[in-house]
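Listed here are the chains, written in short residue letters.
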Amino acid sequence: MVERWWRDAVIYQVYPRSFADSDGDGMGDLPGITGRLPRLKELGVDAVWLSPFYPSPQKDGGYDVADYRGVDERFGDLGDADKLIGEAHDLGLKVIVDLVPNHTSSEHEWFRAALAAGPGSPERDRYIFREGRGPDGALPPNSWTSMFGGSAWQRVPDGQWYLHLFDVSQPDLDWGNRSVRDEFLDILRFWLDRGVDGFRVDVAHGLVKEEDLPEWDVPLAILGGLSLGGLAPVGPPPPMWDQEGVHEIYREWRRVLDEYEGGRILVAEAWVQPAERLARYVRPDEMHQAFNFMYLSAPWRPADLRAVINESLAANDEVGAPTTWVLSNHDVIRHATRLGYPVERTRLHGIGPDDPQPDVGLGLRRARAATLQMLALPGSAYLYQGEELGLPEHTTMPHEYRRDPARPRSGHTVVGRDGCRVPIPWEADAPSYGFGPSDRSWLPQPAVWAEYALDRQQGVPGSTWELYRAALASRRSHGLGSGTIAWQQAPDHALAFRNGDVLVLTNFGAAPVDLPAGATVLLASEPLDADGRVPTDVTVWALG
Ligand code: NOJ
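Residues numbered from 1 in each chain as written. Predicted model: local features only at pLDDT ≥ 70, side-chain atom pairs only at ≥ 80, totals over all residues. Heavy atoms only, no water.

K.L.:
Would you mind going over the overall build of the protein chain with me for this structure?
P.N.:
On a plain count of helices and strands, the protein chain comes out with 13 helices and 16 strands. In terms of overall size, the protein chain behaves like a compact globule, its C-alpha atoms giving a radius of gyration of 23 Å where 544 residues would be expected to give roughly 24 Å. With the principal axes as the frame, the protein chain shows a C-alpha extent of 75 × 55 × 50 Å. Of all 544 residues assigned to the protein chain, the portion counted as buried reaches 62%. (Helix = DSSP H or I, 4+ residues; strand = E, 2+ residues; numbered from the N terminus. Rg over C-alpha atoms; globule rule 2.2 N^0.38 Å. Buried < 20%, exposed > 50% of the residue type's maximum accessible area, 1.4 Å probe, protein only.)

Shown next, in the form of structure tokens:
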């Protein structure tokens, strides 16, 4: 029987650098993760997705892979990876690993060989090398910009230029080259043979570039703006994103995954819109899931959220795929902070000490309401480490600690993504709040994080941890992940839907909202008011 565990799974993202440090060097590692897996089981998730842990110079937090078949010594070794996968499986948790096929690290042996072999060589053909324009080829081959700012081209000593849509240390591969394709088929098998349950595919919409690399003057570097991949504008996609040719690659990968038992999956990180365009990545013979960044980017307004939910469900239904939901990840401002700004000032990237600061209480209140709405929606949901603690972004981190390459590449105009990547707190009174056995932590943890530590929340009624646990348990027992929704009458400032026997109501406005007569509350993101009504910025799950 084909296992379809992923269709309603709750998948928890671990950012290995910042989850748990076993050896006290201030950097999280695989044994640290393995040691904390029982807590994730207790939380009630179905699967863990690990951001990259492969050998890497770590110029972009490991999304610059130097060897796809190993483990960076900062994080452990292959034996540690096997142990993690084995223990997760013993606990009934699936394991998804990150795959970064758009680019390698410039320290990958292929790129070193490409530089050494020179123009016109087969080694160079694995990447996108071109001659420059202008006298002596001193100008980049075209006007494309890097997602992190500046030109997307870098010149090498012999005069040619190579394309890097991200950092200069992340040269783009040429997916027109058969040896690139074969190598990745082999990498898939390497990890599938080790027992992983799937792959989160980085920049899945970027692998194929339009023939001849036509000009594109719209800057891609909009990390400071609304979206990372620049949700491609509605209309014909730009020449580096969402090209037709990517789909054939995923069909080939899918055939490999289908040779394996147990329901192995591919998850697209594709900043593509509208929903119908994204749904093309999850057609029956392609990937299984795609992150729903439209939901993550939607403003905290009932009409916007209702529209995104409807569009997402409709587009995925059309291709028979489950919809996914996500509110936070390692690239965007944590939702407990994002929602602490006035709706019209919401931004997705980078807050520094000089920026207007969020209303922390409002942010958490809305985040809890948003999460409760998300977890009641049918399909699969993604959680990002720390959100189950109500963890905010570190919004006042001094700039000297920041590591995101987007900051220097943007000429320091972009704050960067470090604020959501700070090591998480486990024990209020331990060094590094229990992140590791020492007081070291690769990014500084704010002092207020003691309040958010897991041990301050376990068993505490109303804590965010207990709210997540209760929500995940009820989601499972009421079959919400595999249900369907029916919108219910509600005031304009509220949203209400039924999923099976559960009524889900979120109040976005100032006036309290009544529950239907006779309804009994199953779960609420905050207490109801004295008259049993749903107050502002609260989601309730009710029966009856
Ligand atoms: C998306 C990843 O999530 C992000 O962290 C990374 O910087 C880019 N892809 C480039 O790999």
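We are not done yet, so read on.
K.L.:
How do you make sense of the sheet that holds strand E5 (residues 153–155) when you look at a structure like this?
P.N.:
The strands that make up a sheet are held in pairs by hydrogen bonds between backbone atoms, and each pair lies either parallel or antiparallel. The three strands lie next to each other as E4-E6-E5, forming an open sheet whose pairing is antiparallel. In this open sheet, the two edge strands, each paired with only one partner strand, are strand E4 (129–130) and E5. Judged from the three bridges that link them, E5 and strand E6 (residues 161–163) form a sheet pairing that is antiparallel. Following the sheet pairing, arginine 155 is matched in E6 by tryptophan 161. (Pairing = 2+ DSSP bridges.)

K.L.:
Explain helix H3 (residues 109–117) to me, please; I cannot follow it from the model alone.
P.N.:
Think of an α-helix as turning once every 3.6 residues; residues three or four places apart then point the same way. Every buried residue of H3 is accounted for by Trp110, Phe111 and Ala114. Projected down its long axis, H3 shows its buried positions confined to an angular sector of 95°, all on one face. Away from the buried face of H3 by more than 90 degrees, exposed residues Glu109 and Ala116 are located. Buried-residue contacts for H3 involve E4, E6 and helix H4 (178–193). Two residues or fewer past H3, glycine 118 is found with a positive phi of approximately 90°. (Arc of directions from axis to C-beta. Contact = heavy atoms within 4.5 Å.)

K.L.:
Any chance you could explain the site of the ligand here in plain terms?
P.N.:
Taken together, 14 residues lie around the ligand, and Asp60, Arg200, Asp202, His330 and Asp331 are the ones closest in. Aspartate 60 places a polar side-chain atom, nitrogen or oxygen, 2.6 Å from an oxygen atom of the ligand. For the shell around the ligand, the residue count by class is four nonpolar, three polar and seven charged. (Near = heavy atom within 4 Å. Polar contact = N/O pair within 3.5 Å; in protein donor to acceptor, adjacent residues only side chain to side chain. Nonpolar A, V, L, I, M, F, W, Y, C, P; charged D, E, K, R; others polar.)

K.L.:
When you look at a negative patch on the surface in this model, what are you seeing that I'm missing?
P.N.:
Negative charge collects at one region of the surface, where Glu276, Glu311, Asp317 and Glu318 lie side by side. The topology assignment puts aspartate 317 in helix H8 (residues 302–319). What makes aspartate 317 exposed here is its relative accessible area of 57%. (Patch = residues over 30% accessible without salt bridge, like charges linked within 9 Å, V, L, I, M, F, W, Y side chains within 5 Å. Areas by Shrake-Rupley, 256 points an atom, 1.4 Å probe, with all protein chains shown as cover. Salt bridge = Lys/Arg side-chain N within 4 Å of Asp/Glu carboxyl O. Lys, Arg positive; Asp, Glu negative; His and termini not counted. Charge placed at Lys NZ, Arg CZ, Asp CG, Glu CD.)

K.L.:
Teacher, can you tell me more about the pairing of strand E2 (residues 47–50) here?
P.N.:
Two faces make up the sheet, and in a regular strand the side chains alternate between them. Of the two faces of E2, the one carrying Ala47 and Trp49 and the one carrying Val48 and Leu50 are both buried. Pairing of strand E1 (residues 10–14) with E2, which is carried by four bridges, proceeds in the parallel orientation. Bridging across to E2, tyrosine 12 finds its partner in valine 48. In this fold, the crossover linking E1 to E2 by way of helix H1 (residues 30–43) has right-handed handedness. Pairing of E2 with strand E3 (residues 94–99) involves four bridges; the strand directions are parallel. Bridge pairing links alanine 47 to lysine 94 in E3. Taken together, E2, helix H2 (residues 78–90) and E3 constitute a β-α-β crossover, and its handedness is right-handed. (Right-handed = clockwise from strand over helix to strand, strands pointing away.)

K.L.:
In this structure, what is going on with unusual backbone geometry? I would like to understand it.
P.N.:
Note: most residues except glycine have negative phi, and most peptide bonds are trans. Each neighbour pair has its own omega, and for glutamine 273 with proline 274 the value is 0°, a cis peptide bond. Along the chain, proline 274 turns up in the loop between strand E8 (265–268) and helix H6 (275–279). A positive phi angle, close to 60°, is found at aspartate 136, a residue other than glycine. The phi torsion at aspartate 212 lies on the positive side, around 65°, for a residue other than glycine.

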